[in-house]
Amino acid sequence: MIDFAIAGGAAILLVAVAAFSERVFIDGDTNWHVAAGRWILAHRTVPTTDPFSFTWAGKPWIAHEWGSEVLMALAYLAAGWAGVVLLIGVCAGLAYAMIAAELRLWMGPVGQIIGLALSFAILEPFLYARPHIIALPVLVFWTRRLLAARRAGKAAPLELAPLMVLWANLHASFIFGLAIIAPFALEALIEERDKLRVVWGWGLFGVVAGAFALATPQGFAGIVFPFMVLGMKVLPNILEWRGANFQDLTLFEGALLITLFLGLWRGVRVPPLRLLLLVALIHMALQHVRQQAVLAALAPLLLAEPFGRALHPGLADTRIAPPAGWKPPWRLPSPVLAVGLAAVLAGVAAARLAIPLQRTDNPNVPVSAMAHVPAALLSQPVFNEYAFGGYLIFKGVKPYIDGRADMYGDAFVNEYLAVGGGAQPDLDNTFKRWNIRWTILGPREPLVAVLDRRPGWRRLYTDAFAVVQVRNDALPPPPPAKGAAH
């Protein structure tokens, strides 16, 4: 019963954190994802060209996360932003309940709690309302089924492959699902005697899963898309695509060091191909911080068995063994515990729905600044902070740029960076080409100081997160101050 309590408690904790943490809205892209979902629901089709910006209007756009965007929009239409955070919390909670179930196969309660805590420490900075969290339970479920197939000495079941249809339309992490088939298949080929059966079983599964991954509005372009993004030159300029920073101690570094310490202390031995997969995941997480969420989900699944065998030396020496470890085996929970967990979960959801959720300013979402922009200005061309673009889209304002760097491409993003830095002649050329009438930028952007000194421009609004500047001919001049001489 305690194992079920741990899994249920982990799920409820994730729901509660997502429901009440301000970080869930820290990313500006949340806003355009909801806007895209609303657009899809309104038009009953997936866009193939950009309907949001004025700089890229009508040009090709791959809305590769349209499934998640529809879910986010439905949650928003049903319960506002509270519905969105509850959707994110439920998806994260479901993923962690499944992670707990995998850990339980090999560890007792203490091991389960430690594993869940280390995983959550890595995920927490990325627990925000975006499609990667909606796809997280699919990633965990898929990997668990592959692990179960290896324990049983069988190929992954073909009935698992259609899950790729859902996954490929939720988030680009489906590529990981396809990629991790190879190490498990190769492991089976090395360890099992019937090589032909392994090649046929795992090969057929890989081909069928790949075919189902093509069932998206983009088809083969959806498969290529993640690799195209990885090849973009501007990625180091985008926060989530930067490498890990170890100048200050982070939860990610702490979790890595603790896991390394425990593994060396207990003499944990990870099978070579799974170790290679784990090393690849760590490399990805070091190279691009956004991949730390994938590591948080997959590392406990890959390490559960090796840690379990190190903690229970009496287990069979063969690599493939029935689930063992914590006793008694998994069983249906007592009615009291099940009702209690359900009541707590319902209480969390009810509290979130009952307490008004007010969007507040953060470095990526200029709520107050946008509230102070006159309606007459909103329809005029704007030069905006990259991170602000998502919120502008949500508010019905066509941005110069937003978080869809993959759509705009390297050349356009580099042009934006040059203008934002106040570089000439880029600034004058861009403002003339697009007839820029106002700007909304972070206070530290060099362009803010440039426009402060430029004749014909003035500040309209300033706070700790955003500065709105406007051309004098875009709005009527401000009234004279009271008491001014005539």
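One structure accompanies this document, and this report is about it. (Residues numbered from 1 in each chain as written. Predicted model: local features only at pLDDT ≥ 70, side-chain atom pairs only at ≥ 80, totals over all residues. Heavy atoms only, no water.)

Quick look at the environment of tryptophan 39
Part 1 of the argument: Position of tryptophan 39 among the secondary structure elements: in helix H2 (residues 29-43).
Part 2 of the argument: Contacts of tryptophan 39, omitting those with residues within four sequence positions, involve Thr45, Val46, Pro47, Pro51 and Phe52. (Helix = DSSP H or I, 4+ residues; strand = E, 2+ residues; numbered from the N terminus. Contact = heavy atoms within 4.5 Å.)

Digging into helix H4 (residues 109-123)
Part 1 of the argument: For H4, spanning 15 residues, the distance from its first C-alpha to its last is 21 Å, which sits close to the expected 21 Å at 1.5 Å a residue.
Part 2 of the argument: Of all 15 residues that make up H4, 11 are buried, and the element is covered over most of its length.
Part 3 of the argument: Among the residues making up H4, those that are buried are Pro109, Gly111, Gln112, Gly115, Leu116, Leu118, Ser119, Phe120, Ala121, Ile122 and Leu123.
Part 4 of the argument: Lining the buried residues of H4 we find helix H1 (2-20), helix H3 (66-104), helix H5 (131-134), helix H6 (136-151), helix H12 (251-266) and helix H14 (292-311). (Expected span 1.5 Å × (residues − 1). Buried < 20%, exposed > 50% of the residue type's maximum accessible area, 1.4 Å probe, protein only.)

Points about the layout of surface pockets
Part 1 of the argument: Estimated volume of the second largest pocket: approximately 710 Å³.
Part 2 of the argument: Broken down by element, the residue count for the lining of the second largest pocket peaks at 10 residues, all from H12.
Part 3 of the argument: Grouping the constituent residues of the lining of the second largest pocket by class yields 27 nonpolar, five polar and one charged. (1 Å grid on protein atoms, 1.4 Å probe; cavity = no way out; pocket = protein on both sides within 12 Å on 5 of 7 lines; lining within 4 Å. Points joined across faces, edges and corners; volume = space filled by probe spheres on them. Nonpolar A, V, L, I, M, F, W, Y, C, P; charged D, E, K, R; others polar.)

Concerning the environment of methionine 232
Part 1 of the argument: Mapped onto the elements of the fold, methionine 232 is located in the loop between helix H11 (220-230) and H12.
Part 2 of the argument: The spatial distance from the C-alpha of methionine 232 to the C-alpha of alanine 405 is 9.0 Å, given a sequence separation of 173 residues.
Part 3 of the argument: Not counting chain neighbours up to four residues away, the residues in contact with methionine 232 comprise Ala405, Asp406, Gly409 and Asp410.

Looking at the pattern of salt bridges
Part 1 of the argument: Applying the stated criterion across every chain, the model contains 21 salt bridges.
Part 2 of the argument: With a closest N to O distance of 2.8 Å, aspartate 428 and arginine 454 form a salt bridge. Highlighted residues: aspartate 428 in helix H20 (residues 426-434) and arginine 454 in the loop between helix H21 (446-453) and strand S3 (457-462), separated in sequence by 26 residues.
Part 3 of the argument: Take aspartate 428: its relative accessible area is 36%, and that puts it in the partly exposed class.
Part 4 of the argument: It is possible to trace a salt-bridge network through shared partners that takes in Arg150, Glu187, Glu191, Glu192, Asp194, Arg197, Arg274, Glu305 and Arg309. (Salt bridge = Lys/Arg side-chain N within 4 Å of Asp/Glu carboxyl O.)

Nothing here speaks to function; it is geometry throughout.
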